[in-house]
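Single-letter residue listing:
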Amino acid sequence: PLNYNVPEGSYATDPYTPETRIREFKEMVQALHKAGIRVVLDVVYNHTHDINGSNFQRTFPDEYYRKTADGRYSDGSGCGNETASERSLMRQFMLESFQYWAQEYHIDGFRVDLMGIHDIETMNLIRAKLTAIDPNIFIYGEGWSAGTCAYPQEKLAMKANISLMKGIAAFSDELRDALRGPFSDDTKGAFLAGISGGEESLKFGIVGAIAHPQVDMSRVNYSKTPWAAQPTQMVSYVSCHDDMCLTDRLRASIPQLSEDELIHLDLLAQTAVFTSQGIPFLLSGEEMFRNKKGVHNSFNSPDSINSLDWDNLKRFPQVFDYYKGLMRRHHKAFRLGDADLVRKHLSFFLTEPCLIGYRLEGNAGGDEWRNITVILNANQETKTVKVPHGNYTVVCQNGHINENGLDHIEGDSIAVAPQSALIMYEK
């Protein structure tokens, strides 16, 4: 990062004329808004490109950066320096910069890179300032740092402290790694690979990282206490830009994976993400079965790695149709938005190796569907699952979705196809 309040010139038709950068950025945001798309800006205030040449250092030497006890620049960013958000000058800069992008460019949200480097108080002040402009502006970030920060961890905007930051969300690596395996080892699978042990972590992600009486925190990966006060403070995801995309990770972690299995597991993973009570995050292109040829962090890779292959829409129509059909938008039950409502309506009735079942009881959140049942089966064989006796409409089954119904069953058991999700509701 160099100049935080300047639109990147490489996106402009004429980067050498400042007004062109500004006008075209505003026109872009306006066009997206007219298309019904809100715009989130990825912001990286946690470090600068360097020390000596930075505008911060030239303005007030060493005031904008943290140092360790022995006088070295702290490296919590993994980039050789970390900024000091708790100090008045850096804090004021961040506050005014967020405000500038929101008011001048009408940005709708901010994704805060390595948010765990910034202090809690500054993040709360930013939230308050943006709420005064528009309470719908969304703030979320990475609830961790890339190294040890020269500031007390209990004062940092880490994932563990998210409950202290109302209206701010963080990524859930518990859900991510419970589904596909640990970030530290691309070859190691988890739930999607038919490997048991991560079921409780997946349940924690399903409820939105809040306290829930049916989630045993002692068996959850990474976090032993709930960190979200509300489910809207948890971002559910299975892959993002600085990681393998989902298809590549599945290939890397599951030997001899057939294309048919790959599709089924891809759809199963995103069903877990989109029906969780957190806020779903989707890496660009995954709805068209994207791959990055196995590249992990492709920030400096060419178009041959990062481009989106639109022909995939023709090659894998089932994937796009399934993603498009995921029913979150139409059904409030999957996005209750309140921890008490989640604890009231969401109950797990099944936890077995690579098999989880839960119900959204009643007309949760005022949903027109009653007693929604969701079953996630990552096993390689069909599982017959006992359910409360009822008359059910099946809307998701064996890699297909249709809100009008795929099947109708009456009884107290249902067969769930291998490596797939099943969703049904009572009439």
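For every chain, the first residue of its written sequence is number 1, and the numbers climb from 1 along that sequence. Thresholds applied to this predicted model are a pLDDT of at least 70 for local features of residues and 80 or more for the giving and counting of side-chain atom pairs; totals over whole chains, interfaces and linings are not thresholded and use all residues. Side-chain metrics in this entry use all non-hydrogen atoms of the structure; hydrogen atoms and water are not considered.

Novice: Lay out the overall build of the protein chain with the relevant residues and their values.
Specialist: Under the DSSP-based scheme used, a helix requires at least four consecutive residues in state H or I and a strand at least two consecutive residues in state E, with every element numbered from the N terminus. Each helix and strand counted, the protein chain has 12 helices and 13 strands in total. Relative to its length of 427 residues, the protein chain is compact, with a C-alpha radius of gyration of 23 Å against a globular reference of 22 Å. When its C-alpha atoms are laid out on the principal axes, the protein chain stretches across 70 × 45 × 40 Å. The buried label applies to any residue whose accessible area, calculated with a 1.4 Å probe on protein chains only, is under 20% of its type's maximum; exposed applies above 50%, and partly exposed to all values in between. Counting only residues that meet the buried cut, the protein chain has 52% of its 427 residues in that class. Across the protein chain, the fraction of contacts at a sequence separation of at least 24, relative to all contacts at a separation of at least 6, is 68%. For the accessible areas, the method is Shrake-Rupley and the probe is 1.4 Å, while residue cover comes only from the protein chains on display. Only carbon and sulfur atoms are counted for the fraction: they give 50% of the accessible area of the protein chain, which is about 18900 Å². Within this scheme the basic residues Lys and Arg register as positive and the acidic residues Asp and Glu register as negative, but His and the chain ends are omitted. Where a charge sits is defined by one atom per residue type, namely NZ (Lys), CZ (Arg), CG (Asp) or CD (Glu). Measuring between centres, the 42 positive side-chain charges of the protein chain sit 3 Å from its 55 negative side-chain charges. Restricting the calculation to C-alpha atoms gives the radius of gyration, and the globule rule supplies 2.2 Å times the number of residues raised to the power 0.38. The contact rule is simple, with two residues in contact once any of their heavy atoms fall within 4.5 Å.

Novice: So what's going on with the pattern of salt bridges? Residues and values would help.
Specialist: When the charged atoms of two side chains with opposite charge come close together, those side chains can pair. A pairing counts as a salt bridge when a side-chain nitrogen of Lys or Arg comes within 4 Å of a carboxyl oxygen of Asp or Glu. In the structure shown here, the tally under the stated rule is 27 salt bridges. We note a salt bridge from Glu 121 to Arg 91, for which the minimum N-O separation is 3.4 Å. Within this pair, whereas Glu 121 is found in helix H4 (residues 120-133), its partner Arg 91 is found in helix H3 (residues 88-104), the two being separated by 30 residues in sequence. Residue classification places Arg 91 among the buried residues on the basis of a relative accessible area of 14%. Two residues, Asp 243 and Arg 180, come together in a salt bridge whose shortest N-O distance is 2.7 Å. You can see Asp 243 sitting in the loop between strand E5 (234-236) and helix H7 (246-253) and its partner Arg 180 sitting in helix H5 (residues 173-180), a full 63 residues away along the chain. Across the pair, Arg 180 and Asp 243 agree in class, each one buried. Salt bridges linked by common partners bring Asp 42, Arg 111, Asp 113 and Glu 142 together as one network.

Novice: Before we move on, can you summarise helix H11 (residues 317-325) with the specific residues and values?
Specialist: What H11 keeps buried is the set Val 319, Tyr 322, Tyr 323 and Gly 325. Down the axis of H11, the buried side of the element spans an arc of 165 degrees, and every buried residue falls inside it. Those residues of H11 that are buried lie in contact with H7, helix H8 (259-275), strand E10 (383-397), strand E11 (400-401) and strand E13 (420-426). This arc is taken over the directions from the axis of the helix to the C-beta atoms.

Novice: How would you summarise the sheet that holds strand E2 (residues 109-112) if you had to cite specific residues and measurements?
Specialist: Pairing between strands is defined by DSSP: at least two bridges between the two strands are required. The 6 strands are arranged E1-E2-E3-E4-E5-E6 in an open sheet whose pairing can be described as parallel. Two strands close off the open sheet at either side, each with one partner strand: strand E1 (40-43) and strand E6 (279-280).

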